[in-house]
Amino acid sequence: MNYTNLLGKDNLTMLTDFYEITMANGFFCTGNGERTVYFDLFFRTVPDKGGVAIIAGIQQVIDYIKDLNFTDEDIEFLRSKNLFNEQFLDYLRNFQFSCDVWAIPEGTPVFPYEPLITVRGPAIQAQFIETMLLVLINHQSLIATKASRIVRAAGGRPVMEFGSRRAQGCDGAIYGARASYIAGCCGTACTIADREFGIPSLGTMAHSWVQLFDSEYEAFKAYAENYPDNCTLLVDTFNVLKSGVPNAIKVFNEVLVPNGHRPRGIRIDSGDITYLSKKARKMLDDAGFPDCKITASNSLDEYTIQDMIRQGACVDSFGVGERMITASSAPVFGGVYKLAAVEQDGQIVPRIKVSENVAKITNPGFKKVWRLFDKENNKAIADVITLADEIIDDSQPYEIFDQEHIWKRKIVTNFKAVPLMVQLFKEGECVYASPSVEEIRNYCKEQMDTIWDEVLRFENPHKYYVDLSQPLWDMKNLLLLKHGFGD
């Protein structure tokens, strides 16, 4: 599916920060436009002070890059700004993307400072795609990370994404549904996400269905008659225990059971759901419907779900809306896109950004990311960022060390070293066979199972180490010294 066509636009090439166009013009005019450069997209902190994030949005990056082209309307708009060289505008009119692009596959657990995407190619092109890469990766990775937390809090109970109407725009709803499904949600209320991605669309009724009829009983009866095999009734329009559940039971007995059907469930969307679910469960069991499931919704997140389960809520599944689709507790993923190297006389020359704020110092050079797995339990030990030409030989012991406190060192043995990044584009041509959303979802689950529970906990998670190889650390340290940092 094409990202741009879905939103009704011919293309989104001009969805860029204006400085990327002024810089591109400047690169062109100074003869630097075709100079080969390397950019890394990475993030600095996990949202919600969590221990792990999940990357999502790679397919939309591929779709965007495939569609890059400047229309006559785009060129005329830029000409109207009276800022740009005519030869540069001709270059844009005949624009052909020719970069190499590598990325960590969607659904992979990822950690701060490791490159999620690396772009190599002409400076004009590599710089120009910055904004859209960040838009796509920041959004879907944020929602996937939040959804993963909520799914884990549910402890195996299904979680449905119900946030379309509270999403920040139509693309937020559609791609938020995609990201949440990748992270483990069982389905979505967003119908178009089912049509485009095959994500199961779920939902039954709103309170307006009940209000439209003359009585709650009539509303339930009409719904059961229309959907006898998928009858889930919303029982909190008036009073859950005094009318909602009793009327549901009455309809189950009068409409469904005589015709050989069983109720699917009830949904509670307000009130003290923990208390109400316990009472409702007893009422349903006593009436002969122990198989009738109870779904909870209403401004849920990982903490409320966790508390409900701890308090013994009789809830079988959860519908989560605004707090997942907007990641309201930490609504920014914080991905950045930084220059890491340039090519000069056939050599890769590293570049670094330094700052008094240590968190903003970048890792230089053309790099790749490795994940080390314990062969005995298949758990992830650490990630190592190396220079692109390095190989981690997992047949030999390997020393890892904390890049901030280099005296913290560990010799790793009996491990498997797996490079994480795959190539998406080679000289502008897509060379990656994209998996389906279902395949990405299954892969995400498998990969999350390799992460230790201590890293996954919500409060004070164990720090998962992302280390630098010795050659990369030496390179970084040399550049810091060159720029007046360090001893």
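Everything numeric here is computed off the predicted structure, so don't read it as measured data.

(A) Expanded view of the overall build of the chain. Scanning the chain from terminus to terminus reveals 18 helices and 21 strands. If one aligns the C-alpha atoms of the chain with their principal axes, the spans along those axes are about 85 × 60 × 40 Å. Per-residue burial for the chain yields a buried fraction of 53% across its 487 residues. Restricting the contact set of the chain to residue pairs at least 6 apart, pairs at least 24 apart contribute 73%.

(B) Fine view of the sheet that holds strand S18 (residues 415-419). Read from one edge to the other, the open sheet built from four strands follows the order S18-S14-S15-S21, with strand pairing classed as mixed. Strands at the two margins of the open sheet, each flanked by one partner only, are S18 and strand S21 (466-468). Across the sheet, the mean angle separating the axes of adjacent strands is 30° when strand polarity is ignored. In terms of strand pairing, strand S14 (residues 367-374) meets strand S15 (residues 380-387) through seven bridges, oriented antiparallel. Across the sheet, residue phenylalanine 373 finds its bridge partner in S15, namely alanine 380. Contacts from helix H18 (residues 470-482) reach S14, S15 and S21 within the one sheet, and its direction differs from that of S15 by about 55°.

(C) Layout of the packing of helix H7 (residues 130-153) against helix H8 (residues 170-182). One way to put it is that H7 packs onto H8 with a least axis distance of 8 Å and a crossing angle of 50°. Looking at the two axes, H7 sits oblique to H8. Where H7 crosses over H8, the handedness of that crossing is right-handed. Facing H7, whose interface residues are His139, Gln140, Ile143, Ala144 and Ala147, H8 presents Asp171, Gly172, Tyr175, Gly176, Arg178, Ala179 and Ser180. In terms of residue class, the contact of H7 with H8 is made up of five nonpolar, five polar and two charged.

(D) Here's a closer look at the pairing of strand S19 (residues 422-426). Pairing between strand S3 (residues 100-103) and S19: three bridges, direction antiparallel. Pairing of valine 101 across the sheet is with phenylalanine 425, part of S19. As paired elements, S19 and strand S20 (residues 429-430) share two bridges and run antiparallel to each other. Among the inter-strand pairings, phenylalanine 425 is bridged to a residue of S20, identified as cysteine 430. Hairpin connection, S19 to S20: the antiparallel pair is bridged by two residues, and glutamate 427 has positive phi, about 50°.

(E) Highlighting the packing of aromatic side chains. Summed over the entire model, instances satisfying the criterion amount to 22 aromatic pairs. On the numbers, 4.8 Å between centres and 40° between planes, the contact of tyrosine 223 with tyrosine 227 is tilted. The class for tyrosine 223 is buried, based on a relative accessible area of 4%. Relative to phenylalanine 458, the ring of tyrosine 303 has its centre 6.0 Å away and its plane inclined at 70°; by these criteria the two rings are edge-to-face. On the criterion of sequence distance, the pair formed by tyrosine 303 in helix H14 (residues 302-310) and phenylalanine 458 in the loop between helix H17 (453-456) and S21 is long-range, its members being 155 residues apart. These aromatic residues form a ring-pair network of at least three members: Phe18, Phe28, Phe70, Phe84, Phe88, Tyr91, Phe95 and Phe128. Lysine 250 extends its terminal NZ or CZ atom over the ring of tyrosine 217, reaching a point 4.5 Å from the ring centre. Across the ring face of tryptophan 452, the terminal group of lysine 379 is positioned such that the distance to the ring centre comes to 5.9 Å.

(F) Structural detail: the nonpolar core. Counting residues in hydrophobic clusters, the biggest one holds 137 residues, and the most contacted among them are Ile117, Phe252 and Ile266. Looking at which element gives the most residues to this core, the answer is H7, with twelve residues. Beyond its immediate sequence surroundings of up to four residues, phenylalanine 252 is in contact with Cys231, Leu233, Val257, Pro258, Pro263, Gly265, Ile266, Leu284, Phe289 and Cys292. Residues Leu372, Ile400, Val412 and Ala417 belong to the second largest nonpolar core, which totals ten residues.

(G) Inspection of helix H2 (residues 18-29) at higher detail. Between its terminal C-alpha atoms H2 stretches 17 Å, which fits the 16 Å expected from twelve residues at 1.5 Å a residue. Among all positions in H2, only Glu20, Ile21, Ala24 and Asn25 are buried. The buried residues of H2 occupy one face: seen down the axis, they fall within an arc of 135°. Backbone geometry just after H2 places glycine 31 at a positive phi near 80°.

(H) Here's a closer look at the environment of glutamate 376. Inspection of the secondary structure puts glutamate 376 in the loop between S14 and S15. On the accessibility criterion, glutamate 376 (70% relative accessible area) is exposed. Considered as a pair, glutamate 376 and methionine 421 are 45 residues apart in the sequence and their alpha carbons are 24 Å apart.

(I) Representation of H7 in the model. End to end, H7 covers 34 Å across 24 residues, agreeing with the expected 34 Å (1.5 Å per residue, within 8%). When you tally the buried positions in H7, you get 21 out of 24 residues, the bulk of the element. After H7 finishes, the residue glycine 155 shows a positive phi value of roughly 60°.

(J) The arrangement of the pattern of salt bridges in detail. Counted under the stated rule, the structure contains 25 salt bridges. Among the salt bridges present, the one from arginine 166 reaches glutamate 322, with a minimum N-O distance of 2.1 Å. Here glutamate 322 lies in helix H15 (residues 322-325) and arginine 166 lies in the loop between strand S6 (159-161) and H8, a separation of 156 residues in the sequence. Exposure remark for arginine 166: the relative accessible area of 45% places this residue in the partly exposed category. Here arginine 281 makes a salt bridge to aspartate 285, at a shortest N to O gap of 3.0 Å. Of the two residues, arginine 281 and aspartate 285 both sit in helix H13 (residues 273-286), four residues apart, roughly one turn of that helix. Linked through salt bridges whose partners overlap, the residues forming this network are Asp48, Lys146, Arg149 and Glu302.

(K) Looking closely at the sheet that holds strand S11 (residues 317-320). Read across the sheet, six strands follow the order S7-S6-S11-S10-S9-S8 without closing on themselves; strand pairing throughout is parallel. Every interior strand has two partners, whereas the edge strands, strand S7 (187-188) and strand S8 (232-234), have only one. Pairing of S6 with S11, which is carried by three bridges, proceeds in the parallel orientation. Residue pairing in the sheet places valine 159 in a bridge with phenylalanine 318 of S11. Contacts from helix H12 (residues 240-256) reach S8 and strand S9 (265-268) within the one sheet, and its direction differs from that of S9 by about 160°.

Reading the values: rules and limits
Residues numbered from 1 in each chain as written. Predicted model: local features only at pLDDT ≥ 70, side-chain atom pairs only at ≥ 80, totals over all residues. Heavy atoms only, no water. Helix = DSSP H or I, 4+ residues; strand = E, 2+ residues; numbered from the N terminus. Buried < 20%, exposed > 50% of the residue type's maximum accessible area, 1.4 Å probe, protein only. Contact = heavy atoms within 4.5 Å. Pairing = 2+ DSSP bridges. Axes fitted to C-alpha atoms, helices over the stretch in contact; angles between N-to-C directions. Parallel < 35°, antiparallel > 145°, perpendicular 65-115°, else oblique. Left-handed = near helix turned anticlockwise from the far one by under 90°. Nonpolar A, V, L, I, M, F, W, Y, C, P; charged D, E, K, R; others polar. Phe/Tyr/Trp six-rings, centres within 6.5 Å; stacked < 30°, edge-to-face > 60°. Lys NZ or Arg CZ within 6 Å of the ring centre and 35° of its normal. Core = buried A, V, L, I, M, F, W, Y, C linked by side-chain atoms within 4.5 Å. Expected span 1.5 Å × (residues − 1). Arc of directions from axis to C-beta. Salt bridge = Lys/Arg side-chain N within 4 Å of Asp/Glu carboxyl O.

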